[in-house]
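Below, each chain spelled out in residue letters.
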Amino acid sequence: MAVATELPFAGSAEEQALARRVYEVMVGQGALYGRDALIRQTLDNLAAFLAQQDGVEPAAMAKRIEAAVRANPEVFLREERDGAVLIATSRRGVARPRQEDRTHTFAQRLYEPARPLPVDDINNLVTMVRPPLTTVEPVQISGFWRALVSQQASAEPIVVPAAQPGPAESAPAEAAPAPATPTQPREEVSPTTILLSDGTPVDLDEPIEALMARFGAALQAEIAAALNEDPLRRVVNFGDLYYVADALPNLGKNDLRRIRDYIVEQGEPMSDEAILADVYRELPGSPSFEIRRFGLNYRLSREKDFEYVGMPGLNLWSAKGLAAIGSKRVKASDLGQFYAYLVDGQDDSEPVGDGTVMHYLTFFEWEYGVLPLNRAFASIMPRPFLPDQRAIAVHFESPQHYTTYLAEVRLPTATRGGWIWGLEDFFREYVVPGTLLTIAATEVPNVFTISYEEIPPVEDKLLHFEEKRNRFVFLPVTYYSAVDEDLLPSQKRYGKLRNLKALPMNDRKKADQVVAHVFETLGEQLGSKEEPMYWIQFNELLLGVNVLRPMSSAYLEQVLRQDAAYYADETTVGAWYYKPAPEEQRAEDESEAEDDEEE
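Residues numbered from 1 in each chain as written. Predicted model: local features only at pLDDT ≥ 70, side-chain atom pairs only at ≥ 80, totals over all residues. Heavy atoms only, no water.

## Some thoughts on the pairing of strand E10 (residues 316-319)
Phase 1: What you see with E10 is no split at all: Leu316 and Ser318 on one side and Trp317 and Ala319 on the other are buried throughout.
Phase 2: Two strands pair when backbone bridges link them, and strand E8 (residues 270-271) and E10 are joined in this way by two bridges, in the antiparallel orientation. Pairing of methionine 270 across the sheet is with tryptophan 317, part of E10.
Phase 3: Bridge analysis of strand E9 (residues 306-308) against E10 gives three bridges, and the strand direction is antiparallel. The residue of E10 that forms the bridge with glutamate 307 is serine 318. (Buried < 20%, exposed > 50% of the residue type's maximum accessible area, 1.4 Å probe, protein only. Helix = DSSP H or I, 4+ residues; strand = E, 2+ residues; numbered from the N terminus. Pairing = 2+ DSSP bridges.)

## Brief notes about the sheet that holds E10
Phase 1: Pairing within the open sheet is antiparallel, and its three strands lie in the order E8-E10-E9. Of all strands in the sheet, those with a lone pairing partner are E8 and E9, marking the two edges.

## Quick notes on the environment of glutamine 220
Phase 1: Here glutamine 220 is to be found in helix H7 (residues 208-228).
Phase 2: We classify glutamine 220 as partly exposed; its relative accessible area is 45%.
Phase 3: With 20 residues separating them along the chain, glutamine 220 and aspartate 240 place their C-alpha atoms 9.0 Å apart.

## Some details on the sheet that holds strand E11 (residues 356-360)
Phase 1: If you trace the seven strands from one edge of the open sheet to the other, you get E11-E16-E17-E13-E14-E15-E12, paired in mixed fashion. Bordering the open sheet on either side are E11 and strand E12 (370-372), each of which pairs with just one other strand. Taken pair by pair, the neighbouring strands of this sheet meet at an average axis angle of 30 degrees, ignoring direction.
Phase 2: As paired elements, E11 and strand E16 (residues 436-441) share five bridges and run antiparallel to each other. By the bridge assignment for E16, methionine 358 is matched with threonine 438. (Axes fitted to C-alpha atoms, helices over the stretch in contact; angles between N-to-C directions.)

## Side note on unusual backbone geometry
Phase 1: The residue arginine 233 is not glycine, and still its phi comes out positive at about 50 degrees.
Phase 2: By the secondary structure assignment, arginine 233 is in the loop between H7 and strand E6 (235-238).
Phase 3: Backbone geometry places arginine 281, a non-glycine residue, at a positive phi of 55 degrees.
Phase 4: Looking at the element boundaries, arginine 281 is found in the loop between helix H9 (272-280) and helix H10 (289-301).
Phase 5: With relative accessibility at 63%, the residue arginine 281 sits in the exposed group.

## Some points on the packing of helix H16 (residues 511-522) against helix H17 (residues 538-548)
Phase 1: Where H16 contacts H17, the two axes come as close as 9 Å, and the packing angle between them is 120 degrees. The angle between H16 and H17 falls in the class oblique. Helix-helix and strand crossings are classified by hand; for H16 and H17 the assignment is right-handed. Facing H16, whose interface residues are Val514, Val515, His517, Val518, Phe519 and Leu522, H17 presents Glu540, Leu541, Gly544, Val545 and Leu548.
Phase 2: Among the residues making up the contact of H16 with H17, the classes are represented as eight nonpolar, two polar and one charged. (Parallel < 35°, antiparallel > 145°, perpendicular 65-115°, else oblique. Left-handed = near helix turned anticlockwise from the far one by under 90°. Contact = heavy atoms within 4.5 Å. Nonpolar A, V, L, I, M, F, W, Y, C, P; charged D, E, K, R; others polar.)

## So, H9
Phase 1: By the criterion of burial, H9 is predominantly enclosed, with seven of the nine residues buried.
Phase 2: Taken as a whole, H9 has its buried residues at Asp272, Ala274, Ile275, Leu276, Ala277, Val279 and Tyr280.
Phase 3: Check the buried side of H9 and you find it contacts helix H8 (253-266), E8, H10 and E10.
Phase 4: Just beyond H9, the residue with positive phi is arginine 281, at close to 55 degrees.

This is the structure in structure tokens:
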């Protein structure tokens, strides 16, 4: 073998030749061994194999092999084990096994790097790596505490005392004493004082009642920010509640499926207490109830198949597959744009403050079963619990008919208004447009009463919308609710309402277009065909506009004052004129607007 011929065997010529033969036999045996792994074989086996080849006695061959092995101690290793003699070597021709370097193991390299960072920088003490469970977990130090340490360190100047002359030395006589430098008195900082992010000092030695009264919200914000910055998420939150993550019960896929099936089977959003009681037989008052409740709410808030529709003090959950609340005839996105005027400052309602709201029902609200979430209704409706909450589930009880209706409060956003829907069945069955509704809060946070004044039956033809034929018609109706005659869309008073076009929802979002169409349909025409002019009372215009879309009187007045085509009648209080531009000019304006949109 090529490797064998390169090894410098020692001893006589016969011993060198025999040592080379023994090495080749052992390397052939350990062909698959590592280069440094020891290949062992007994002396008797080697002597018997080589003696058979040379035709000599095995005992004589054994003595010759031992002599060759002793002559080459760098190549062969002689061992005695259980009365047998073993000869060892390696493919590399070295009889000593390789010594492993354990001075720097893999486990040490994780925590003892070859070039450790200086420990004088506090940022180097923070690690993002989760250590083994057998060691103490590193704690991430927030920037708030680092800033506080640096501020306290810089606030304590190091004062070096001046050298005093000893007995062997004295100050020069001609040296004049240095003028004393006035020192600014430094404000003493209590060791129990911390600084908030905005630099506000807070003395934690004060009574808790005083601290919470002065800095409760600020301290809560600081603690919440510090917990949210924890990359390990050791403390999790649900709203303004926090709990240790490792102590929460685990909910698997089967648990989520059971909860979702339970909510769908009930047919309405369910509370966390009902879910724990009916699905897990966990009743309030048990030792593990509160932790199970927090774990349930936290896990469901992170699942896309569940939606939180509760409020402070009552956690309600809706699930995928549950029937949607509200009318299917109008989209939620359209209603959000219809009620955008509520967040744009055109809300003319005022809350009473006694937990009751009185509201006159318009035709659009009666048709689709909605109510505006204006300032008056918002004063009695529950507040959201989560910052990104979309809706709140509530119930309306009718004490006059002993019925209950599931409704939904859609919360407003920065660009879209809010509304309440789910009352379409109640409106269609018991009241008519123009009815004065009374909505009052109850002791239960998500339950409200809805009522109206009952009167003897009245027969009249009122406005209806035929959805199949997409037109407005008057149909005979018998109603029992007290109404405002000026707001009742009856045929004998507002017969022109049948001529309104059922504009698509996208066109109804354009307030100026809706107002112009109502002016031309309900208004009294005073001009000619070539130069038309229309006149109408403000209240009648407001009623007609609210047939097609919701609009407050403040918003309608803003639309009228922003367009020069509308101007008030100085001779009649509350009357308005509308003088549209000629058709040719309007066609040119529309073409220019289309060109601008294309550009």
